[in-house]
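Examination of the molecular architecture
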Amino acid sequence: MAPEYEASWWLGHEYRVAKHEVGVEYGRWTRMFGPVFRIKAALWQKDVVVISDNVAVKHIYQNAYTYVKSPAFQPVVVKVVGRGVVWAEGDEHKFQRKMVSPGFSITAVKKMAPGVMACVDKMIHRLQNDCKGKNDVFNMCDYVPACTLDIIGQVGFGYDFGHETPEGKAILQAWHTDVKLFSTFAAFLAPIVIGVAPWITKLPIKELHEDSTAKKVIHQVGRKLLQEPPNMDGTDIFSILVRESYQDKKRPSAERRLDDNTLLDNILSFFMAGFETTSGAIQLILLDLAKNPEVQSKLRDEILNADSSDVDIIESLPYLDAVTREGLRLHPSARDTHRVAIHDDIIPLKNPVLLGDGTTVTSIPVKAGDGFTIPFLVQNTDPSVWGSDSYEFKPERWMKDGGLPQGSELPGGPFSNISNFVDGPRLCIGWRLAIQEIKLILSSMIKNFEFRDTGAKVEKYISPAVQPFVDGKAAQLPLKVIPLQH
Ligand code: HEM
């Protein structure tokens, strides 16, 4: 158990976790107590087990229908992302996941590359136009999130959600408001109160029932598109999913198809799960590059030498690849994920755990209702696995022989064995698209600009995904931007 004296009498250890930078408290306690320990939950709820033992975490992910997202938050999830794949559990999840997967296949994501590039070019031109002097400082949060939103509009819908369109403006404005709100004490407390008293979500309070701005916009645009015949050549996710269901409608198929509401809720889920996560990771990698000018110029040399706009060539540049892997390792887009067991089970452990009573266990007995929190950054930066420089940004480790730990020492998952996209039946469906976006955005930015650190102390907090903060203000990443002529 994390030290009792560090817990607030009514907020447990949870508020301490939220008040500190992402991963700091989990990391400190893991160093003190090992990869399995308990913390006190807020409002006198059951203790939560914080677990970064890789074998245990894999077990939790692989048994995704035993370890579910907290049912108490479902009404909140519905409000934000609707009843799509992010919300669904059990058989409904299996069904929806199968139906939406064609939208994220290797072939589908490859075909999205020109759309992604068009949005990246728009952002590059915008930043070039805004650069007046040689040493201008820009808040990257005004540029990168607008670009990743634009990308999801393009690849999700084949629709322009650029920052200058009314729809894009409405979603970005709502996002800025939400980011500020999420970092407040009230936002910390609200989900916990809902967890304790789920009936609160049924109270006749307008704000609890009104759809989010993004939900309204996406459904409005989607309904218009659904009136039209399916686009049989469209490479966007919406067209692919409509086509799939359209073909199903014509085929005498026993399989249920996605109804229009579920289809639109899924598109909404891709927006919400895909735009802020990707933009946060890109921004924090840009900060690493600004703080490490020699890495930045090595990367620029590689990009300029390749001298190519061919997406396949850019995506396979070895140093860009190493920068992407290292950047993601250090900057998971979420602080943690939480699961609740719906029936009794036994979780195996990689390393035995010494209990408070002096006994040692090699597995954890689980009772229905037990809660587990998996801290992403702790998993990616374990010094006993990555070495004493585990917190440092060193892309070279991905390139040199023997620079990487054995796969069996790492969390696992679809990309580089790092924790960012989780694993098992609920692993991030958009991970290939995210990697493509990160590489294409970084390569264009580094080719066209030099980024320098301003000396501002940038910190990482959850709001609701990991965000850069300066002086307690959310969505702040000031960087000196110097346009380059080639
Ligand atoms: C760097 C970028 C990204 C990161 C780090 C990331 C991370 C994650 C994580 C950790 C989860 C699991 C959450 C949980 O179960 O607690 C997840 C799920 C999901 N992600 Fe991503 N994501 C990224 C980009 C994207 C993109 C670009 C899309 C789509 C356009 C997307 C769509 C989804 C969806 C739909 C789920 C739910 C999957 C399911 O439950 O079956 N993500 N993502």
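The structure displayed is predicted, hence computed values, not measured ones. (Residues numbered from 1 in each chain as written. Predicted model: local features only at pLDDT ≥ 70, side-chain atom pairs only at ≥ 80, totals over all residues. Heavy atoms only, no water.)

**Concerning the overall build of the chain**
Convention followed: Note on conventions: DSSP H or I runs of at least 4 residues are helices, E runs of at least 2 residues are strands, and numbering of each starts at the N terminus. Our radius of gyration is a C-alpha quantity, and the globule rule it is checked against amounts to 2.2 Å times the number of residues to the power 0.38. We call a residue buried when its accessible area falls under 20% of the maximum for its residue type, exposed when it is over 50%, and partly exposed in between, using a 1.4 Å probe and counting protein chains only. Contacts were defined at the residue level, with two residues in contact if any of their heavy atoms lie within 4.5 Å.
Across its full length, the chain holds 19 helices and 12 strands. The C-alpha atoms of the chain give a radius of gyration of 22 Å, which matches the 23 Å a tight globule of 486 residues would have. Principal-axis analysis of the C-alpha atoms places the extent of the chain at approximately 65 × 60 × 40 Å. The buried share among the 486 residues of the chain stands at 53%. The long-range share in the chain, meaning contacts at least 24 apart out of those at least 6 apart in sequence, stands at 73%.

**Structural notes on the side chain of Glu 459**
As a reminder, the rule being used: N or O atoms within 3.5 Å of each other form a polar contact, as long as, within protein, one can give a hydrogen and the other can take it, and as long as residues adjacent in sequence are counted only when both atoms are side-chain atoms.
Relative to the elements of secondary structure, Glu 459 occurs in strand β10 (residues 458–462). Side chain to side chain, Glu 459 and Lys 457 meet in a polar contact 3.2 Å long. Among residues more than four places away in sequence, those in contact with Glu 459 are Glu 21, Gln 467, Pro 468 and Phe 469.

**What to know about the pattern of salt bridges**
Threshold: When a carboxyl oxygen of Asp or Glu is within 4 Å of a side-chain nitrogen of Lys or Arg, the pair counts as a salt bridge.
Enumeration over the complete set of coordinates arrives at 26 salt bridges. In this structure, Asp 312 and Lys 110 form a salt bridge, with 2.6 Å as the shortest nitrogen-oxygen distance. Residue Asp 312 is located in helix α15 (residues 311–315), and its partner Lys 110 is located in helix α6 (residues 106–130); the two are separated by 202 residues in the primary sequence. According to the relative accessible area criterion, Asp 312 is partly exposed, its value standing at 43%. Relative accessible area serves as the criterion here: at 46%, Lys 110 is assigned to the partly exposed category. Lys 394 is the partner of Asp 389 in a salt bridge, and the nearest nitrogen-oxygen pair spans 3.1 Å.

**Regarding the nonpolar core**
Rules: What is meant by a nonpolar core is a set of buried Ala, Val, Leu, Ile, Met, Phe, Trp, Tyr and Cys residues, joined one to another through side-chain atoms within 4.5 Å.
With 119 residues, the main nonpolar core has Ile 51, Met 140, Met 445 and Phe 451 as its most contacted residues. Per-element accounting of this core gives the leading share, 14 residues, to helix α13 (residues 260–291). Setting aside anything within four residues of it in sequence, one finds Ile 51 in contact with Pro 35, Val 36, Ala 56, Val 57, Ile 60, Ile 364, Phe 372, Thr 373, Ile 374 and Pro 375. If you look at the next biggest cluster of nonpolar residues, it comprises 10 residues, including Tyr 26, Trp 29, Phe 37 and Val 48.

**A look at the sheet that holds strand β9 (residues 449–453)**
Spelled out, the test is: Between any two strands, pairing holds if DSSP finds at least two bridges. Axes here mean lines fitted to C-alpha atoms, for a helix over just the part in contact, with angles spanning 0 to 180 degrees between N-to-C directions.
Pairing within the open sheet is antiparallel, and its three strands lie in the order β4-β12-β9. Two strands bound the open sheet, and with one partner strand each, they are β4 (136–139) and β9. Across the sheet, the mean angle from the axis of one strand to that of its neighbour is 40°, orientation sign disregarded. Bridge count for β4 against strand β12 (residues 478–483) is four bridges, and the pairing is antiparallel. Its bridge partner being in β12, Asp 136 is matched across the sheet by Val 481.

**Considering the coordination of the iron atom of the ligand**
Convention followed: Coordination shells were defined by N, O and S atoms within 2.8 Å of each metal, extended to 3.2 Å for Na, K and Ca; water is absent from the atom set, which can make sites look incomplete.
Of all protein atoms, just one serves as a donor to the iron atom of the ligand, and that atom is Cys 428 (SG), at 2.3 Å. On the secondary structure map, Cys 428 appears in the loop between α18 (383–386) and α19 (431–448).

**Considerations on the site of the ligand**
Our working definition: Throughout this document, a residue counts as near a molecule or strand when at least one of its heavy atoms sits within 4 Å of that molecule or strand. Residues are grouped as follows: nonpolar covers Ala, Val, Leu, Ile, Met, Phe, Trp, Tyr, Cys and Pro; charged covers Asp, Glu, Lys and Arg; every other residue, Gly included, is treated as polar.
For the ligand, the set of nearby residues contains 25 residues, the closest of which are His 93, Arg 97, Thr 337, Arg 339 and Cys 428. Here Ala 273 contributes a backbone N or O atom positioned 3.5 Å from a nitrogen atom of the ligand. Side-chain polar atom of Thr 337 to an oxygen atom of the ligand: 2.4 Å apart, as the coordinates give it. Those elements that provide at least two residues to the shell around the ligand are α5 (90–100), α13, β5 (336–341) and α19. The dominant element in the shell around the ligand, judged by the number of residues it contributes, is α13, at five residues. For the shell around the ligand, a count of residues per class yields 13 nonpolar, eight polar and four charged.

**Some words on the packing of aromatic side chains**
In this description, a pair of aromatic rings is defined by centroid distance and the angle of the planes. How we decide: Centre distance within 6.5 Å is the pairing criterion for rings of Phe, Tyr and Trp, where only the six-membered ring of Trp is used; planes under 30 degrees apart are then read as stacked, over 60 as edge-to-face, and the remainder as tilted. Consider the ring centre and the ring normal. A charge sits over the ring if Lys NZ or Arg CZ is within 6 Å of that centre and within 35 degrees of that normal.
Inspection of every chain in the model, using the stated rule, returns 13 aromatic pairs. For the ring pair Phe 138 and Tyr 143, a centre distance of 5.8 Å and an interplane angle of 85° mean the geometry is edge-to-face. By relative accessible area, which is 11% here, Phe 138 ends up buried. Residue class for Tyr 143 comes out buried when judged on its relative accessible area of 5%. Each member of the aromatic cluster is reached from another via a ring pair, and the members are Trp 9, Trp 10 and Trp 44. Across the ring face of Trp 87, the terminal group of Arg 83 is positioned such that the distance to the ring centre comes to 5.8 Å. Stacked on the ring of Trp 386, the Lys or Arg Arg 329 has its end atom at 4.6 Å from the ring centre.

**Concerning unusual backbone geometry**
Non-glycine residue Ser 416 carries a positive phi angle of around 60°. Of note, Asp 471 is a non-glycine position whose phi angle comes to about 50°, a positive value. Assignment of secondary structure puts Asp 471 in the loop between β11 (466–470) and β12. Given the relative accessible area of 74%, Asp 471 is considered exposed.

**Here we look at helix α14 (residues 293–306)**
This is how the line gets drawn: Take the residue count of a helix, subtract one, and multiply by 1.5 Å to get its expected span.
Taking 1.5 Å per residue, 14 residues should reach 20 Å; α14 reaches 20 Å between its end C-alpha atoms and fits that length. Asp 307 lies just past α14 and shows a positive phi near 45°.

**Focus on the UniProt feature "binding site: heme" (unreviewed entry) in the chain**
Note the cut-off: UniProt positions are given in the numbering used here, feature names are shortened, and annotations may be inferred rather than shown by experiment.
As annotated in UniProt, the feature "binding site: heme" (unreviewed entry) corresponds to Cys 428 in the numbering used here. Judged by its relative accessible area of 30%, Cys 428 falls in the partly exposed class. In contact with Cys 428, not counting residues within four places along its chain, are Arg 97, Phe 421 and Val 422.

**Some details on the packing of α14 against helix α16 (residues 318–330)**
Test applied: Put simply, angles under 35 degrees are roughly parallel, angles over 145 are roughly antiparallel, angles from 65 to 115 are roughly perpendicular, and the rest are oblique.
Where α14 meets α16, the axes come as close as 8 Å, and the angle between the chain directions of the two elements is 140°. By the angle between their directions, the pair α14 and α16 is classed as oblique. Counting all contacts with α14, which are made through Val 295, Lys 298, Leu 299 and Glu 302, the residues of α16 involved are Pro 318, Tyr 319, Leu 320 and Val 323. For the contact of α14 with α16, the residue count by class is six nonpolar, no polar and two charged.

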